[in-house]
Each structure stands twice: as C-alpha cells, then as structure tokens.
Amino acid sequence: MSAAVTTTARRRPILRRTLPANVRRKRLLLAVADHALLIAVMAIFLIPLAFVLLTSLMTSEQALTTDMWPRSFEWDNYAEVFRRLPVLRYATNTMIIATLSTLGVILSSIPVAYALSRLRWRGRQATFVIVLATIMLPYQVTIVPLYVLFARYGWIPGFKPLIVPLFFGDAFSIFLLRQFFLTIPEELSDAARMEGASEWQIMTRVIVPLAKPAIAAVALFQFLYSWNDFFAPLLFLGGDSNLWTLAIGLNEFRGLHQVEYNLMLAAVVLFMLPVIVLFFFAQRVFMEGITVTGVKG
Amino acid sequence: MSPWIIGFLAFTVYPMVSSFYFSFTSYDLLSTPHWVGTANYRFMFTKDPLFWTALKNTMWIIVVGLPLRIAVAIATATWLVRPRRAIKTYRTSVFIPTLAPAVAGALAFLYLFNPATGPVNQVLSGIGMSDPPLWLYDAQWAKPTLVLLAIWGVGDAMIIFLAGMLNVPSELYEAADIEGAGRLQRFWHVTLPLISPVIFFSIVIGIIAGFQYFTQAYVVSFWQTGDHAQIGHPQNSLLFYTSRLYQMGFQNFKMGYASAMAWILFLITMICTLLVIRNSRRWVFQQGAFR
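None of the values given here were measured: they were computed from a predicted structure.

Participant: I tried to follow the overall build of chain B on my own but got confused; where do I start?
Facilitator: Along its length, chain B carries 14 helices and four strands. A principal-axis box enclosing the C-alpha atoms of chain B has dimensions of 75 × 55 × 35 Å. A buried classification covers 39% of the 291 residues belonging to chain B. Of the contacts made within chain B by residues no fewer than 6 positions apart, 70% connect residues no fewer than 24 positions apart.

This is the structure:
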C-alpha cells in the first residue's frame with residue numbers, strides 16, 4: 001500500500017506539467033466528486049455515533065423530544081451514570097476477566113501452536129484437524145454440560161467458568177498462531193538446535209520474539225472478545241450483580257431506566273470509549289491481525 | 001501440548017459426550033437426568049412451534065443479512081481501495097462502528113430507531129414520509145432493523161476485503177487495461193476472482209456465527225413483565241435459535257431439551273458449511289494455480 005502511495009505521489013507533478021487545462025479541470029472535478037462520495041459514506045457510518053453522543057448530553061426531557069442538538073450540554077449525565085450504576089465495579093470485573101482470559105489464552109496456546117507447526121510427531125496432522133473442527137463446534141453444544149459441571153463445582157455465579165477453560169488453550173488462537181509460526185524459516189530453529197538449545201528455549205527465545213505481531217493480535221482479539229462478551233457472562237454471572245461485567249450491567253441499566261435515553265446513551269458511550277481508545281493506540285496491531293486472520297484463514 | 005489435551009478432554013470432549021447423553025434425557029439440574037429416549041427431538045420437531053419460529057428467523061437473518069453484509073463490505077472496500085488524500089481517515093471512519101460492543105450497538109439502535117423520538121424516523125418524516133415504520137416494535141420490520149445494525153458494523157469484513165484487494169498484483173490490472181477492460185470488467189474479471197477466497201471465508205464464518213446470533217437480538221427484544229424476562233419481542237419475530245435454546249435451557253431449566261437443540265444446531269451448521277464448501281470449488285479461485 002505504501003508503495004502505491006509513493007508512486008502516485010511521484011507521478012503527479014510530471015502529469016501536471018504536461019496535461020492541458022481542460023483535462024486538468026475535469027480531473028479536479030472528478031476528484032471533488034470522488035471525495036464528496038467518500039465523505040457521504042463516512043457520514044453514514046459516523047452520524048449514528050454523533051446522535052448517540054449528542055443525545056447523551058441532553059436533559060432527560062429533551063432526550064424524549066425530537067430535538068437533535070442539546071439545548072445545554074449536560075456533562076453531569078456522565079457523573080449521574082456513575083452515581084446510579086456501579087460502573088467502576090463493573091469495569092474492574094470486566095478488566096479482571098478480560099486480562100486473565102487473555103493471559104490464559106496466550107500462555108496455553110503458544111506451546112500448542114508451536115508443537116503443531118515446528119515439531120514433527122505422529123498424529124500431528126490429525127490433531128490439527130481436531131483443532132479446526134473445534135472452531136466450528138457451536139459453543140451451545142458444550143455449554144449445557146459445562147454449566148452443569150461448573151454448577152456442581154460451585155463456580156456459578158463466579159469468574160472461574162469464564163477464565164479457567166481459557167488456560168487450556170483456545171482453538172481459534174492456536175490456529176492463528178500456528179499459521180504465523182509456519183512462516184518463520186526453519187533455519188533459525190536449526191541454528192539454535194546446533195547451539196544445543198532445547199525446544200523450550202527455541203520457542204521462548206527464537207519463535208516468540210519473532211511472532212510478536214501475531215501474539216499481540218491474538219491477545220488483542222481475545223481481550224476484546226472477553227470485554228464485549230454477553231452470552232457467557234449472562235449465564236455464569238447473572239445471579240450476582242456484584243460480579244456483573246459492563247455488558248451485563250449496561251443491559252440491566254436499560255431495563256431500569258427505559259425512558260432516560262440520555263443516561264442510557266451516556267452509559268453506552270462510556271462502554272464504547274475504552275475500546276475506541278484502545279483501537280487508536282493499537283491500530284497497527286489491529287489491522288495486521290485482521291488481515292492475517294482474514295486472508296490466511 | 002498436554003495442558004491442551006487435558007483442556008480439550010475436559011472442556012470439549014466430555015461436554016460433547018454428556019450433552020449428547022443429556023439430549024435423550026429429561027434434566028432440570030436439581031434431580032438426576034432420567035432417560036426419555038427421543039422424546040426431546042420429537043417434541044422439538046412436532047410439538048414446539050417456537051422451535052420452527054426460531055429456526056425460520058435465524059435462516060432469514062442469514063439468507064438476507066449475510067449476502068447484504070458481504071455485498072456492502074465489498075462495495076465499501078472497492079471504494080476505499082485506491083490510495084488518495086485522507087484515505088486513512090475514510091477507512092477508519094467506516095471501521096469505527098464495528099468496535100462498538102454488541103450490547104452498546106444494540107442499545108444505540110434501540111434509540112436511533114425509536115419510532116417516536118429516534119432520529120431515523122424524524123429524518124424520514126422530515127423528508128415527507130407520512131407514517132414511517134415502527135422498526136423494532138413491528139414484527140415486519142424488526143429483523144430488517146437488525147440487518148441494518150449488522151451492516152453498520154460491516155467494518156471488520158470491509159477491512160478483510162480491503163486487504164485482499166490490496167494483495168491483487170498490479171500487473172493484472174495493467175494487463176486488463178492493455179486489453180481495454182473498463183472499470184466494471186476489471187472488477188468482474190480481476191478483482192472478484194482474486195478475492196473469491198475471502199468471500200468464501202466470510203460466508204463460512206458468517207453462517208457459523210449466524211446460527212449463533214444472540215446478543216443483539218436479546219438486548220433489543222428484552223421485555224420485562226413482572227418478574228419474568230421475555231425475549232423475542234415483538235410477536236417472537238426476534239426469537240432466534242440461540243434465544244430459544246437459552247429460554248428452554250437457562251430460563252426453564254430444561255437441560256435435556258436445550259442439549260437436543262444444540263445438537264440439531266451443530267448438525268444444521270455442519271450441513272450448511274459442507275454445502276458451501278462443496279459448492280465453492282466451482283467459484284473460488286485457487287491461489288496456488290496462479291502462483
């Protein structure tokens with residue numbers, strides 16, 4: 001992409017000198033039309049968010065009117081959300097779950113992906129097929145017995161059902177990491193083996209440092225998945241409001257304050273904000289990760 | 001390797017085997033499961049009208065929503081592929097809505113499409129529409145509104161198509177230009193075949209995810225009557241397969257029935273996916289043949 005950008009940039013001045021005025025004017029008009037369309041497309045995607053943001057700053061009476069612009073900017077709505085809803089507790093709960101599950105996925109999936117890509121052993125191919133099949137298995141198939149099992153252990157309501165299984169590997173993350181590990185030249189491992197390094201050392205000292213972008217992407221996806229997840233927290237935490245995550249709390253808040261759109265939308269903004277901030281900080285990891293998942297999958 | 005095997009046995013194999021067993025029992029979590037043979041399956045197919053409603057709604061959202069979403073993703077990606085001024089800003093703006101957590105997006109749409117006070121109907125009546133749809137409050141319009149929600153969050157698919165398009169070797173476009181191909185022909189004969197593996201991937205993922213569609217539907221169709229939370233409102237038009245499974249398993253504690261539903265879900269997903277894979281040989285371009 002960057003190569004394409006530089007070639008057009010380099011070509012442009014030469015074209016400008018040689019083109020007659022009418023062609024130049026036509027090009028300019030086309031460019032204006034092009035950007036007008038692009039701005040229109042951009043607006044379609046962003047205007048809903050603008051409405052959400054504007055209404056979250058209205059008074060609750062104005063939020064029920066047909067007004068589009070806040071008469072006065074009620075920043076206090078956000079403070080009111082914090083007063084009505086234990087946002088910090090929900091955020092802490094969500095953070096604990098998301099952080100620990102991400103840690104679990106990374107720690108457990110790397111060795112499996114390593115064994116499936118860089119070690120030769122009997123049954124490797126069959127194991128890989130099983131991992132792929134697990135990705136296709138709907139979680140509904142396993143959720144009922146798991147619910148029964150976790151209930152028997154006394155883990156419900158609690159964080160454990162949402163965290164512990166992820167310390168035993170996640171099929172999708174294993175798959176992604178394996179695909180990336182396969183692209184690392186075998187010579188690097190061979191060189192390390194010649195130096196007398198164990199497989200564990202090769203994995204931690206050679207492969208993991210080289211696979212940082214893929215690992216970062218897998219971590220980011222798992223973190224966001226846990227942050228946004230609704231179904232599993234609904235099942236496993238639903239019974240104890242002290243354990244709720246932001247997703248569950250937000251949905252219940254809607255139930256309680258059905259008509260106070262301004263507060264509901266302020267809560268929506270508060271829930272979205274960390275994700276958007278995270279996106280802007282980790283934009284490169286995001287884009288690379290999505291590209292790797294999409295194209296190589 | 002071994003922790004994964006333990007995990008695989010404990011969190012995949014064991015639950016699969018026991019959910020298969022549960023599907024032939026009546027089980028309410030409190031008493032021990034007792035064998036009922038194929039009664040759950042027979043009830044599902046012959047006596048539970050809501051099973052069929054839920055299955056039809058789910059099929060609808062996949063058959064209508066998935067092609068639309070992929071078409072919009074390809075269209076926006078095509079639009080955003082050529083590098084020009086501020087292109088990154090445009091790409092980012094299309095991508096941002098996809099970052100909205102499912103619950104947040106659904107609640108935002110509940111407000112945006114509110115028939116009385118939401119901005120969508122204000123705009124519609126502003127441009128002279130006499131009685132705009134009731135959207136999520138109308139059984140006819142509820143599912144289309146959820147499709148719009150899915151299209152609003154098209155950014156993740158768009159980025160994948162964009163990456164696929166940026167990977168198309170520019171020689172191919174140059175060759176097409178020399179042959180005198182127009183814009184449409186270039187798209188049809190060069191871009192589309194080369195991104196067909198991405199289309200295939202999106203369809204498979206879309207089908208698997210579509211049969212598990214739950215959160216957005218739960219949030220917008222959640223209706224509290226007294227102590228009992230109902231989902232599927234209005235008139236069960238938003239009751240999806242997983243919503244029904246959730247109702248039966250985790251609201252009514254009919255674990256045997258929920259397990260039977262889960263296995264039928266697995267079967268349907270498998271069959272649909274296999275059909276797409278078989279059919280794909282005819283239209284998915286094999287990259288290997290090219291390189």
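Participant: Explain the overall build of chain A here, please?
Facilitator: The number of helices and strands found in chain A is 16 helices and zero strands. By sequence separation, contacts in chain A at least 24 residues apart represent 77% of the contacts at least 6 residues apart.

Participant: Quick question: what am I supposed to make of helix H8 (residues 155-166) of chain B here?
Facilitator: In an α-helix, one turn spans 3.6 residues, which is why side chains three or four residues apart end up on the same side. Residues and elements named next belong to chain B. When the terminal C-alpha atoms of H8 are compared, their 16 Å separation across twelve residues agrees well with the 16 Å that a helix rising 1.5 Å per residue should span. Summarising burial for H8: nine of the twelve residues are buried, a large majority. When H8 is considered as a whole, its buried residues turn out to be Gly155, Ala157, Met158, Ile159, Ile160, Phe161, Leu162, Ala163 and Gly164.

Participant: What is the right way to read unusual backbone geometry from this model?
Facilitator: Both trends apply: most residues other than glycine have a negative phi, and most peptide bonds are in trans. Between Ile156(A) and Pro157(A) the backbone carries a cis peptide bond, its omega angle lying at -5 degrees. Omega for the bond connecting His233(B) with Pro234(B) falls within 30 degrees of zero, at -5 degrees, which places this linkage in the cis form. Of note, Pro234(B) is situated in the loop between strand S4 (228-230) and helix H12 (241-251). One non-glycine residue, Leu29(B), adopts positive backbone phi at about 80 degrees.

Participant: I keep staring at the interface of chain A and chain B and nothing clicks. Help me out?
Facilitator: How big an interface is tends to be expressed through the accessible area that disappears when the partners come together. Counting residues at the interface gives 62 residues for chain A, matched by 66 residues for chain B. Ranked by residue count, the leading element in the side of chain A that touches chain B is helix H2 (residues 21-55) of chain A, at ten residues. When its residues are assigned to classes, the side of chain A that touches chain B shows 46 nonpolar, 15 polar and one charged.

Participant: Explanation requested: the domain arrangement of chain A in the structure shown.
Facilitator: Residue and element names in this part refer to chain A. Along its sequence, chain A is organised into domain 1 (14-80) and domain 2 (86-296). Between the C-alpha centres of domain 1 and domain 2 the distance comes to 35 Å. Tallying the contact residues gives 13 residues for domain 1 and ten residues for domain 2. Those elements that place two or more of their residues in the side of domain 1 that touches domain 2 are H2, helix H3 (60-63) and helix H4 (76-84). For the side of domain 1 that touches domain 2, the per-class residue count stands at six nonpolar, five polar and two charged.

Participant: Please clarify how helix H10 (residues 183-211) of chain B should be interpreted in this entry.
Facilitator: All names here are of chain B. Taking 1.5 Å per residue, 29 residues should reach 42 Å; H10 reaches only 37 Å between its end C-alpha atoms and comes up short. Maximal helix bending in H10 amounts to about 50 degrees, located at Ser196; proline Pro197 follows within four positions. What H10 keeps buried is the set Thr191, Ile195, Val198, Ile199, Phe201, Ser202, Ile203, Gly210 and Phe211.

Participant: What is the right way to read the nonpolar core from this model?
Facilitator: General note: in soluble globular proteins, nonpolar side chains tend to be found buried as a group. Within the largest apolar cluster, 146 residues are counted, with the highest numbers of intra-cluster contacts made by Leu177(A), Ala267(A), Val268(A), Leu107(B), Met158(B) and Phe161(B). The dominant element in this core, judged by the number of residues it contributes, is helix H15 (residues 261-281) of chain A, at eleven residues. Viewed by domain, this core spans two of them, domain 1 (14-80) and domain 2 (86-296) of chain A, each represented by three or more residues. In contact with Leu177(A), other than residues within four places in its own chain, are Ser109(A), Ile110(A), Ala113(A), Ala211(A), Ala214(A) and Val218(A).

Participant: Where do I start with the environment of Ile277(B) in this structure?
Facilitator: Residue and element names in this part refer to chain B. Take Ile277: it is sitting in helix H13 (residues 255-280). Its 13 C-beta neighbours within 10 Å are what place Ile277 among the partly exposed residues. In sequence terms Ile277 and Met158 are 119 residues apart; their C-alpha atoms lie 22 Å from each other.

Participant: What's the story with the confidence of the model for chain B in this structure? I'm lost.
Facilitator: Interpretation of this model should avoid reading the predicted coordinates in detail wherever pLDDT is low. Looking at chain B, the pLDDT average stands at 88 and 96% of residues meet or exceed 70. The weakest mean pLDDT in chain B belongs to helix H14 (residues 287-290) of chain B at 47; the strongest belongs to helix H7 (residues 142-152) of chain B at 95.

Participant: Would you explain the packing of helix H6 (residues 124-136) of chain A against helix H9 (residues 171-181) of chain A in this entry?
Facilitator: When two helices pack together, their arrangement is given by the angle between their axes and by how far apart the axes lie. Residues and elements named next belong to chain A. Between H6 and H9, whose axes approach to 8 Å, the crossing angle comes to 130 degrees. One way to sum up the angle between H6 and H9 is to call them oblique. For the pair H6 and H9, the sense of crossing is left-handed. Together, Val131, Leu132, Thr134 and Ile135 of H6 and Ala171, Phe172, Ile174 and Phe175 of H9 make up the contact between the two elements. Within the contact of H6 with H9, the residues separate by chemical class into seven nonpolar, one polar and no charged.

Participant: For this particular structure, what's the right way to read the packing of H4(A) against H15(A)?
Facilitator: Residue and element names in this part refer to chain A. For the pair H4 and H15, interaxial distance at closest approach is 9 Å and the crossing angle is 85 degrees. When the axis of H4 is compared with that of H15, the two are roughly perpendicular. Side by side, H4 and H15 meet where Asn77, Tyr78, Glu80, Val81 and Arg84 of the first sit next to Asn262, Leu263, Ala266, Ala267 and Leu270 of the second. Considering only residue class, the contact of H4 with H15 consists of six nonpolar, two polar and two charged.

Rules and cut-offs
Residues numbered from 1 in each chain as written. Chains lettered and ligands numbered in written order. Predicted model: local features only at pLDDT ≥ 70, side-chain atom pairs only at ≥ 80, totals over all residues. Helix = DSSP H or I, 4+ residues; strand = E, 2+ residues; numbered from the N terminus. Buried ≥ 20, exposed ≤ 12 C-beta atoms within 10 Å, placed from the backbone. Contact = placed C-beta atoms within 7 Å. Expected span 1.5 Å × (residues − 1). Nonpolar A, V, L, I, M, F, W, Y, C, P; charged D, E, K, R; others polar. Domains from an automatic or database assignment. Bend = angle between axes of the 7 residues up to and from the residue. Core = buried A, V, L, I, M, F, W, Y, C linked by C-beta atoms within 7 Å. pLDDT = per-residue confidence, 0-100. Axes fitted to C-alpha atoms, helices over the stretch in contact; angles between N-to-C directions. Parallel < 35°, antiparallel > 145°, perpendicular 65-115°, else oblique. Left-handed = near helix turned anticlockwise from the far one by under 90°.

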